[in-house]
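Read off the chains here:
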Amino acid sequence: MKISDAAARLEALGNPTRLRIYRALVKAGAPGLAVGKLQSRLAIPASTLSHHIKALVIVGLLTQERDATTLICRANYQVMRGLVDFLVAECCTEVSCAPSKRQTETAA
């Protein structure tokens, strides 16, 4: 992944409303959510939701599909995994990493 693509995606997720939208769609899984259901679940005005969804679609984090009159939004898991992989690709390559909280709890 190019650093400019990663930066654009992280910038999009840096907005609290967009992060809430994205997390809700990640939780929804492959079926995604209709825009109306997403709106009622998050209590976001329609015009605000549309603006934020557009920003996430532009950077590739979300996809949209029309099913008759319903617009379905889905998290793009391939892009999400690519972004996470980009972030951790060089983790601790120069030093030894401190154990994660999960590792220390498991060892106890």
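Residues numbered from 1 in each chain as written. Predicted model: local features only at pLDDT ≥ 70, side-chain atom pairs only at ≥ 80, totals over all residues. Heavy atoms only, no water.

J.: So, the side chain of Asn 76: which residues are in play, and what are the values?
T.: Its place among the elements puts Asn 76 in the loop between strand E3 (70-75) and helix H5 (77-88). For Asn 76, the side chain forms a polar contact with the main-chain oxygen of Gly 60, separated by 3.3 Å. Discounting chain neighbours no more than four positions away, the residues touching Asn 76 are Tyr 22, Gly 60, Leu 61, Leu 62 and Thr 63. (Helix = DSSP H or I, 4+ residues; strand = E, 2+ residues; numbered from the N terminus. Polar contact = N/O pair within 3.5 Å; in protein donor to acceptor, adjacent residues only side chain to side chain. Contact = heavy atoms within 4.5 Å.)

J.: Which residues make up the pattern of salt bridges, and what values do they have?
T.: Counted by the stated rule, this structure contains 1 salt bridge. A salt bridge links Arg 74 to Glu 65; the shortest N-O distance between them is 2.9 Å. Judged by its relative accessible area of 21%, Arg 74 is partly exposed. Using a relative accessible area of 41% as the deciding quantity, one classes Glu 65 as partly exposed. (Salt bridge = Lys/Arg side-chain N within 4 Å of Asp/Glu carboxyl O. Buried < 20%, exposed > 50% of the residue type's maximum accessible area, 1.4 Å probe, protein only.)

J.: How would you sum up a nonpolar patch on the surface? Please name residues and give values.
T.: Taken together, the side chains of Met 1, Ile 3, Leu 10, Val 84, Phe 86, Leu 87 and Val 88 define a hydrophobic patch exposed on the protein surface, amounting to about 630 Å² of accessible area. When residues of the nonpolar patch are assigned to their parent elements, the largest contribution, 4 residues, is made by H5. With respect to the helices, strands and loops of the structure, Val 84 is situated in helix H5. Exposure remark for Val 84: the relative accessible area of 45% places this residue in the partly exposed category. (Patch = residues over 30% accessible without salt bridge, like charges linked within 9 Å, V, L, I, M, F, W, Y side chains within 5 Å. Areas by Shrake-Rupley, 256 points an atom, 1.4 Å probe, with all protein chains shown as cover.)

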